[in-house]
Amino acid sequence: MTRYVVVGGVAGGATAAARLRRLREDAEIVVLERGPYVSFANCGLPYCIGGVIQDRDALLVSTPEKLKAEFDIDVRTRHEVVAVRAGDHEIDVRDLTSGSTYTLSYDKLLLSPGAKPFVPPVPGIDLEGVFTLRTIPDMDRIKQHIDEVGAQESVVVGGGFIGLEMAENLQRRGLRVTVVELLPQVMTALDYEMAAMLHAEVEDHGVQLILGDGLASIAQGEARGLDVILGSGRRVRGDLVLLALGVRPESELARLAGLALGPRGHIVVDSSMRTSDPDIYAVGDAVQTYHRVTGQPCAIPLAGPANRQARVAADNMVGRGSVYPGTLGTSIVQVFERTAACTGANSDMLTREGLPFLTHTIHSHDHVGYYPGATPITIKVLYAPEGGRLLGAQVVGTNGVDRTIDVLATALSSELSVHDLEELELAYAPPFGAAKDPVNLVGFAATNRLRDDSQVVTWESLAKNGDQYGILDVRSAAEWEIGHLEGAVHIPNTEIRQRLGELDASKTWVCICRIGRRAYVVERILRQAGLKAAMLAGGWDTYLAATSPLSTKEGTMDADGGDGRQETLAQTVALAEPAAAASVVELDACGLQCPGPIMAVYQRMQTIEAGAVLQVTASDPGFRRDAAAWCERTGNRLLSIESDDGRIVARILKGAPTQVAAASPTPVSNSKTMVVFSGEMDKALAAFVIANGAAAMGQQVTLFFTFWGLNALRKPQGPRVPKNLVERMFGWMLPKGANRLKLSQLNMGGLGTQMMKAVMRSKRIDSLPEMMAKAQEQGVRLIACQMSMDMMGIKPEELIDGVEIGGVATFINETDRGNASLFI
Ligand code: FAD
């Protein structure tokens, strides 16, 4: 009877053994496993530590008894293979329970010995409290240690997927966590800016993240616990230290057997999973196969490849000609409320192999924004400049990341191009996806570039070579206020057609909006107007994620051993309390399309009274930072911000704190009024400088335009309206619009006014029309005096959009409510 012997009884080994039985009922199958368990779910270990998986036995996918009963497989746990004599077709096995050793012959041998965690040879590495995680006994030891020492603080060394999963689960178990990573980013399978989105997520959940600093040594702490000493000399304390520094292949047995090994010690196999010995096969973390994109040898320690390799190996062990096509490295990890996934090659890999590539990044939603629960999703694709073949993809989001990466992995397996992504017909109904699925969108964006409909500047290129470009920010005033690039020109996308003349035609303008959608449209307008233009890939969101410094402070220990980690285990930051009686207005800003929730907040805040609380729920992760910045700049107060299952809930107190208002003998009003009587440029400028400033501080501002002041409100090219002779004469004589107003002094036949405008441009001071537009965006009310209009023959159609027509009563009403009134 043919005897198949399998070394290692977990992912690869157990799969191969079951497949062998399905193919050969007449064979003898023996599985030898060094540990106490076979076929366990090591991928579930972090979640069992965190308590997500509560039943430890659920990790035991199968047992020797079940494998015997169902597959007639002879499984021997605690049996270690200590030697392979390939020439004799024999192995030596040590029974770890009895200590005895015996010899077993085989016809075909399969090695699936896996990998072992890398443990760096640094001082203190053997101290009690330092752990690695690979097996169920490892997990048991960690859980026991946490309980026995009452661990409160932990240090995870390594920011790969096991490190991040452990960070989340240790925190879930109630420990404070620091993650230390030698490289400048976590999850090196991702490109930097995609990983940077995880940095924000980790920090926002109260985990201290130390990047660019490695483990140097570990020492016993003075009071208790361990001190982890980093390369920089910095010390971080932990009652538990988890090493998650990657793995090394368990290939010693193969080496001793004389099998060919790769440069990093992996067992070399061909596409049938056969080693350099014709009767020995190998699979899983211990082997090196081929990367399907680069064609180069690679070793990617993941469960999916191990399982598929096992199936191919079993086929070939019984004489079927199955081929393993290579590995794409498709993987996914959950990091708190975000999920990150990748497939194929990343930028580093392609650069290393000298393969030319282009990239594009888009931000979209997992399903249409109008259906409840939509969450943002970011997709980056890497593709060949010639023909557009897809080379790699990365996805970060809250929901739908798994589906998206799987579509892209399938596209990669089939060697599809970004043109094919445009055409993929994917399932859509409002709860799922969109008629233009994010995968289609990234295909559109990438092919726009191949067709030269768009030129793309990446965040790196802008960060390094920004001075080579003109930067045109096309976001709204509220978004611009939250943050913008120094030196950028701000023209909201809705105004660009009228204001093209403001752009220097000798420059290449990089258009920036929040996610790229508006920037692309503006880029098209500019290019069709004969200007040189490009867009920032991934927009402001990607730029900000990639260039924002970590917020974690230097973790010097205080007397109590505290090191600056945030107390946000409940994911709630309570910042202040409103008066108990404050009314609460709710705003659901989940799934809002660009420009996102901050505009919705801005607009809703105009409608509520000072002292009321706006409770906003948003699914955009960037809202956490935006909300804080916006409140700081607008004089509103962020009372609390919390995240729950991918949703951010912010409570914002409008205007002045209620406590202050309550303590005042009379209510403090929050509005200002101005009479704009003058039709002179400098006076109108002064009025709008004050109006914008007051509005930015959360005040309600009303400007009442009367007599010559009305000129500022006229359209430069008003429509033809019926007028009598006197009205027509007034119309000819008076300046038409803000741009035609003159200085009250030093006008010098118009020369002084032009000089003033030139000085304002050179100092990047907004022109009067720009200031007026900003004021309107901020909700400043512009009221034209009805009586003055009648007298001067000015018709409502001649005024710029958004101006109200009102009488003295309207104005007096506003002054009554206000606490200051100016006459200009
Ligand atoms: P293993 O499953 O490790 O099995 C090897 C077995 O061989 C071991 O049990 C070992 O005891 C035994 N062995 C070794 N030498 C001998 C010997 N001489 N004699 C007898 N027995 C021997 N992958 C994913 O794709 N997704 C995930 O989410 C994921 N999460 C993970 C989380 C953790 C904590 C860990 C540790 C791994 C995770 N992985 C994940 C990786 C995945 O588990 C491995 O890629 C997969 O288990 C590899 O299978 P394998 O058969 O090569 O090795």
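Rules behind the numbers
Residues numbered from 1 in each chain as written. Predicted model: local features only at pLDDT ≥ 70, side-chain atom pairs only at ≥ 80, totals over all residues. Heavy atoms only, no water. Helix = DSSP H or I, 4+ residues; strand = E, 2+ residues; numbered from the N terminus. Buried < 20%, exposed > 50% of the residue type's maximum accessible area, 1.4 Å probe, protein only. Contact = heavy atoms within 4.5 Å. Lys, Arg positive; Asp, Glu negative; His and termini not counted. Charge placed at Lys NZ, Arg CZ, Asp CG, Glu CD. Pairing = 2+ DSSP bridges. Axes fitted to C-alpha atoms, helices over the stretch in contact; angles between N-to-C directions. Salt bridge = Lys/Arg side-chain N within 4 Å of Asp/Glu carboxyl O. Parallel < 35°, antiparallel > 145°, perpendicular 65-115°, else oblique. Nonpolar A, V, L, I, M, F, W, Y, C, P; charged D, E, K, R; others polar. Expected span 1.5 Å × (residues − 1). Near = heavy atom within 4 Å. Polar contact = N/O pair within 3.5 Å; in protein donor to acceptor, adjacent residues only side chain to side chain. Core = buried A, V, L, I, M, F, W, Y, C linked by side-chain atoms within 4.5 Å. pLDDT = per-residue confidence, 0-100. Left-handed = near helix turned anticlockwise from the far one by under 90°. Patch = residues over 30% accessible without salt bridge, like charges linked within 9 Å, V, L, I, M, F, W, Y side chains within 5 Å. Areas by Shrake-Rupley, 256 points an atom, 1.4 Å probe, with all protein chains shown as cover. Phe/Tyr/Trp six-rings, centres within 6.5 Å; stacked < 30°, edge-to-face > 60°. Lys NZ or Arg CZ within 6 Å of the ring centre and 35° of its normal.

## Here's the deal with the overall build of the chain
Helix and strand content of the chain: 25 helices and 41 strands. Along the longest, intermediate and shortest principal axes, the C-alpha atoms of the chain span 115 × 60 × 45 Å. Sorting the 824 residues of the chain into buried and exposed places 55% on the buried side. Looking at the chain alone, contacts between residues at least 24 apart form 67% of all its contacts between residues at least 6 apart. The centroid of the 80 positive side-chain charges in the chain is displaced by 6 Å from the centroid of its 96 negative side-chain charges.

## So, the sheet that holds strand E24 (residues 358-365)
Here we have five strands laid out as an open sheet, ordered E22-E23-E26-E25-E24, and antiparallel in their pairing. Lying at the two open borders of the sheet, with one neighbouring strand each, are strand E22 (331-335) and E24. Sheet twist, expressed as the average angle between the axes of neighbouring strands with direction ignored, equals 15°.

## Remarks on the sheet that holds strand E13 (residues 215-220)
Across the sheet, three strands lie side by side as E13-E14-E15; this open sheet has antiparallel pairing. Unpaired on one side and paired on the other, E13 and strand E15 (235-238) mark the two borders of the sheet. Strand-to-strand, the axes of this sheet are offset by a mean angle of 25°, without reference to chain direction. Bridge analysis of strand E14 (residues 226-230) against E15 gives four bridges, and the strand direction is antiparallel. By the bridge assignment, Val 228 is partnered in E15 with Val 236.

## What about the pattern of salt bridges?
A full pass over the atoms with the stated rule returns 39 salt bridges. Residue Glu 28 pairs with Arg 3 through a salt bridge whose shortest N-O separation is 3.1 Å. With a gap of 25 residues between them, Glu 28 in strand E2 (residues 28-33) and Arg 3 in strand E1 (residues 3-7) connect regions that are remote in the sequence. For Lys 108, the salt bridge identified is with Asp 279, shortest N-O distance 2.7 Å. Linking Lys 108 in strand E7 (residues 108-111) with Asp 279 in the loop between strand E18 (267-268) and strand E19 (280-282), this pair joins segments that are 171 residues apart in sequence. Comparing Lys 108 with Asp 279 shows no difference in burial state: the two are buried. Through salt bridges with shared partners, one network takes in Arg 85, Asp 88, Glu 90 and Asp 92.

## Re the packing of helix H6 (residues 192-204) against helix H16 (residues 539-547)
The geometry of H6 relative to H16 is characterised by a closest axis approach of 8 Å and an angle of 75° between their N-to-C directions. In terms of their interaxial angle, H6 and H16 are classed as roughly perpendicular. Taking contact as the criterion, the partners of Tyr 192, Glu 193, Ala 196 and Met 197 in H6 are, on H16, Thr 542, Ala 545 and Ala 546. Residue composition of the contact of H6 with H16, by class: five nonpolar, one polar and one charged.

## A short note on helix H18 (residues 623-634)
Taking 1.5 Å of rise per residue, the twelve residues of H18 would be expected to cover 16 Å, and the 16 Å separating its terminal C-alpha atoms lies within 8% of that figure. When we look at burial in H18, the residues that qualify are Phe 623, Arg 624, Asp 626, Ala 627, Ala 629, Trp 630, Cys 631 and Thr 634. Positive backbone phi, at 80°, marks Gly 635, one or two positions downstream of H18.

## Describing the site of the ligand
Taken together, 29 residues form the shell around the ligand, and within it Gly 12, Glu 33, Asn 42, Arg 134 and Asp 285 come nearest. One of the side-chain nitrogen or oxygen atoms of Arg 134 is found 2.7 Å away from an oxygen atom of the ligand. Leu 302 is positioned such that a nitrogen or oxygen atom in its backbone is 3.3 Å from an oxygen atom of the ligand. Counting only elements with at least two residues in the shell around the ligand, the list comes to helix H1 (11-23), E2, strand E4 (79-85), helix H5 (161-172) and helix H8 (303-317).

## As for the nonpolar core
Of all hydrophobic cores here, the largest spans 47 residues; its most connected members are Val 84, Ile 91, Leu 109 and Leu 111. In terms of residues, this core owes the most to one element, H8, which gives five residues. Counting residues in each nonpolar core, the second largest holds 42 residues, with Val 10, Val 202, Val 333 and Cys 342 among its members.

## Examining the confidence of the model for the chain
On average, the chain scores 89 in pLDDT, and the residues at 70 or more come to 94%. Per-residue pLDDT stays below 50 along residues 552-574; that stretch engages in 57 contacts with residues further than four places along the chain or on separate chains.

## Notes on the packing of helix H17 (residues 597-607) against H18
The geometry of H17 relative to H18 is characterised by a closest axis approach of 10 Å and an angle of 40° between their N-to-C directions. Helix-helix and strand crossings are classified by hand; for H17 and H18 the assignment is right-handed. Only Phe 623, Asp 626, Ala 627 and Trp 630 of H18 make contact with H17, whose side of the interface consists of Pro 597, Ile 598, Val 601, Tyr 602 and Met 605.

## So, a nonpolar patch on the surface
The grouping of Leu 725, Met 729, Trp 732 and Met 733 at the surface amounts to a nonpolar patch, some 500 Å² of accessible area in total. With respect to the helices and strands, the residue Met 733 is situated in helix H21 (residues 725-733). Given a relative accessible area of 60%, Met 733 falls into the exposed group.

## Regarding the packing of aromatic side chains
Counted by the stated rule, this structure contains six aromatic pairs. Connected via pairs of aromatic rings, a cluster forms that spans Phe 677, Phe 707, Trp 708 and Phe 823. Positioned over the ring face of Phe 118 is Arg 248, at 4.0 Å from the centre of the ring. The ring of Trp 540 is capped by Arg 475, whose NZ or CZ atom sits 4.7 Å from the centre of that ring.

## Focus on the environment of Asp 366
Here Asp 366 shows up in the loop between E24 and strand E25 (376-383). The class for Asp 366 is buried, based on a relative accessible area of 12%. Separated by eleven residues in sequence, Asp 366 and Ile 377 have C-alpha atoms that sit 6.0 Å apart. Not counting residues within four places of it along the chain, the set of residues in contact with Asp 366 comprises Gly 373, Ala 374, Thr 375, Ile 377, Asn 399, Gly 400, Phe 432 and Gly 433.

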